[in-house]
Amino acid sequence: MQLSHLLLAVLWLAAAAVLLPAGGVRQPSSNCQRKCGEVDIPYPFGIGPDDCALSGFILRCNNTAEGGRLMKPFVSFKPYINHVDVLSISLLQGQARMDSHISSTCYDTISHEMDDSDSWRLNFTNTPYRFSDTSNRFTVIGCQTLAYIQDNNNNRKYMSGCVAMCQESDLTTVPNGSCSGIGCCQTAIPKGMQYYEVTFDMSFNTSQIYNFSACSYAVLTDSSDFRFQMRYATSNDFSPTNNGRLPLSVDWAIGNETCELARKKLDTYACASKNSKCVDSSNGPGYICNCPEGYDGNPYLQDPAQGCIDIDECKDPNKYPCHGTCRNKEGGFDCFCPPGTRGNATMGPCIKMMTKQVRIAIGICATVFFVLIILLGLQWIKHKKRIIRQDLISKRDAYFRQHGGQLLVDMMKIENNIKFKLYCLEEIELATNNFDDKEIIGQGGQGTVYRGYDLDNNLVAIKKCKRIDENRMTEFGQELLILSRVTHKNIVKLLGCSLHFEAPVLVYEFVPNKTLHYLIHVHDQPSMRTLEIRLKIAAESAEALAYLHTHNHPIFHGDVKSANILLAHDLSAKVSDFGCSLIRSDEENLHGVKGTMGYLDPEYLLNFNLTDKSDVYSFGVVLLELVTRRRALSKDKESLVSVFKDAVKEGKLVELVDPEIADHDNMEVICKVAELANQCLAITGASRPIMRHVAEKLRRLVRPIMLHGTEELNNVGSQFPVQAWSSTNAAYDYTGEQTSDYYSQKKKAAMSVEFAR
């Protein structure tokens, strides 16, 4: 009796040694079914008894009925889990491909409602499976469709939707393969999803378009297997064409622990093969096992004949090419050239080695040849550089003559006291770092402004003008001499120029404190925008423009706007961006005028005749900006001038005033400024005041505020009564200005009417 017990114990231990190796997870039986139809079923997956697979990886194969009775021979056998067909299993990627049902809803012409009975949900909760967030996309198809994807109703942590719309005109214009919202929409899913269901928004129905698009579809599918066809959205054959299903990628993992923790539990650690390696799952907890490079097989099996087995790369030269001698080794192979040859045998054929004498002779010849090539190359480079330098010098001299440079030099010799410098090409390129985009501080219709340092290390602003009329280039030097005489504390000083470029380059003093446009519309400190500061800047700007208009050689700015009024350290105004505008180009004369939308004089738009009254009109717009803190042209292309004139007609001027300055003490001054702006914005230039009178009125308005009183205001006069303050705040349009070089003849009439309203 004791002997029989001993034999039974020995047999039990032998069986345990096969099924449960020391320090590892239980191994499957060799009798387990490893193929179902055309699909291989590698361990840890299995079909049949529980010992054929790890927990959670048992699949069913439809080659038998529920009672065990064999099905008919013509049935196509497939593995499945949770009634979902499994198409393939990848141990390396830790991924399985399964069938995903296509949900649909169609318009019923009898009930006149949408039929949403064909919906789908898939539950992998408490299983090793998660829907791949990298491969899958929630895909919605239709011409008037909104579909949702969400997790379990009892624990809803995720919900997303996708809208697909199209019109009948899109049927011929939208290319196949484009899933960007027209007829087709795709959205990603989060990591770790184990449950999803699809629903449709019934308020999106096809009752109006069922004649060309009656049905809507939604499916979670692998995006690499899906290519949208426009006919899917305009017919009912999307689901039948694909047999109601599309492939779905499902990630799987062993357990809920990382590799570091799993290795410590030898009784449950699934990477049983001697050469296997553990990889943490990228989609939720758990891990998968892989064979390292140089090995192939099943890393979950301990059997040396089935686990990670060394690959003999030398037997597969197509996959592992070797052009010399191949020698297999554990986890790889060596490939080397045989004796008497040299080279990289893995990259190409081995070459027979030459004798020492041949190598020396070839080396001497090659050295001599390369020395000759280098000498010839150096001579060629010197020759090319000489040609390029000569060409550059000739071009530079030609530009200098074309721009009237010689005339400018002669005139400067006559006027010895003139403080104006002619810069050479190298000085400008050095100062701007060869016109590096990083040094750009401003761009406009007349040119680009760069920051730079001159040879005396003074910070300057360098403006590269756009091309000018070749017929008037010779006059440019004379015009620059006129500008060099412009000396006013509120005008940016022109220090010099360079005429050696294709278009002239002007050098101005550098003004550090940004622009009036920035102060009004961008700066976040209201204390920097008091009424006193605003009127002071306006008065100084008007005085600068009046100085230009009354100069010995009158200068019309042509582009007066808040962005062209710079601010110094003490917030004093510096009018800028004139100089390049003095010479108008052929293109300007043919196609229209320069300027900025919202500031353009309507009279100038009609006759293209720039006058001092054109600057007065533009300055009137700047006054409105200062009072209202609105932009000259809103995001909806509505001009501030038209809003202002409508408010004057309706008696609602006070509602436009900036709340930062709209208090009872300021309203009388503000109304006088608004009246002055209204005079500047007169339709005809003859009805507008000259800039000198505008400057005088502004200076008289500034004086009593600076003296903290308003008793002097009665001397200024006003036609706008100070009304009671309204609680309605002005709606500010924080949009950028749209500056244009030219306005076409075709658009000028419409623009002039709009800006003159």
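Residues numbered from 1 in each chain as written. Predicted model: local features only at pLDDT ≥ 70, side-chain atom pairs only at ≥ 80, totals over all residues. Heavy atoms only, no water.

You'll find the chain entered in an unreviewed UniProt entry as Protein kinase domain-containing protein, with Urochloa decumbens given as the organism. The Subcellular location (unreviewed entry) field of the UniProt record for the chain holds the comment "Membrane". (UniProt positions renumbered as here; feature names shortened; annotations may be inferred.)

Peer 1: In this structure, what is going on with the sheet that holds strand β16 (residues 195-200)? I would like to understand it.
Peer 2: By definition, the strands of a sheet pair up through backbone hydrogen bonds, in either a parallel or an antiparallel sense. The 4 strands lie next to each other as β10-β16-β13-β14, forming an open sheet whose pairing is antiparallel. Here the strands that pair on one side only, and so sit at the sheet edges, are β10 (121-123) and β14 (159-165). Here the strands of the sheet are splayed against their neighbours by 15° on average, with no regard to which way each runs. Relative to β14, strand β13 (residues 144-150) runs antiparallel, the two being bridged by 7 bridges. From the neighbouring strand, Y148 faces β14, where its bridge partner is G161. (Pairing = 2+ DSSP bridges. Helix = DSSP H or I, 4+ residues; strand = E, 2+ residues; numbered from the N terminus. Axes fitted to C-alpha atoms, helices over the stretch in contact; angles between N-to-C directions.)

Peer 1: I tried to follow the sheet that holds strand β29 (residues 447-453) on my own but got confused; where do I start?
Peer 2: If you trace the 6 strands from one edge of the open sheet to the other, you get β27-β31-β32-β30-β29-β28, paired in mixed fashion. Strand pairing shows two members of the sheet lacking a second neighbour, β27 (421-422) and β28 (440-444), which therefore form its edges. Judged from the 4 bridges that link them, β28 and β29 form a sheet pairing that is antiparallel. Its bridge partner lying in β29, G444 is registered against G447.

Peer 1: Just to check I follow, could you spell out empty space enclosed by the protein for this structure?
Peer 2: A probe as big as a water molecule, rolled over the atoms, marks out the empty space that is left. By the definition in use, this model includes 7 cavities of 30 Å³ or more. In this structure, the second largest cavity is lined by 13 residues; those nearest its centre are G558, D559, Y599, L600 and S618. Broken down by element, the lining of the second largest cavity gets its largest block of residues, 3 residues, from helix α13 (residues 612-628). Taken together, the residues that form the lining of the second largest cavity break down as 5 nonpolar, 5 polar and 3 charged. (1 Å grid on protein atoms, 1.4 Å probe; cavity = no way out; pocket = protein on both sides within 12 Å on 5 of 7 lines; lining within 4 Å. Points joined across faces, edges and corners; volume = space filled by probe spheres on them. Nonpolar A, V, L, I, M, F, W, Y, C, P; charged D, E, K, R; others polar.)

Peer 1: Looking at this structure, I do not really get the packing of helix α10 (residues 531-549) against α13. What am I missing?
Peer 2: Helix-helix packing is characterised by the crossing angle of the two axes and by the distance between the axes. It is at 11 Å that the axes of α10 and α13 come closest, and there the two elements cross at 175°. By the angle between their directions, the pair α10 and α13 is classed as roughly antiparallel. Contact residues: α10 offers R534, A538, S541, A542, L545 and H549, while α13 offers D612, D615, F619, L623, L626 and V627. For the contact of α10 with α13, the class distribution of residues is 7 nonpolar, 2 polar and 3 charged. (Parallel < 35°, antiparallel > 145°, perpendicular 65-115°, else oblique. Contact = heavy atoms within 4.5 Å.)

Peer 1: Would you mind showing me how to read the environment of S90 here?
Peer 2: You can see S90 is positioned in strand β6 (residues 84-90). Between the C-alpha atoms of S90 and D40, which are 50 residues apart in sequence, the distance is 9.6 Å. Not counting residues up to four positions away in its chain, the partners in contact with S90 are Q95 and W252. Here Q93 takes part through its backbone nitrogen, which lies 3.2 Å from a polar atom of the side chain of S90. (Polar contact = N/O pair within 3.5 Å; in protein donor to acceptor, adjacent residues only side chain to side chain.)

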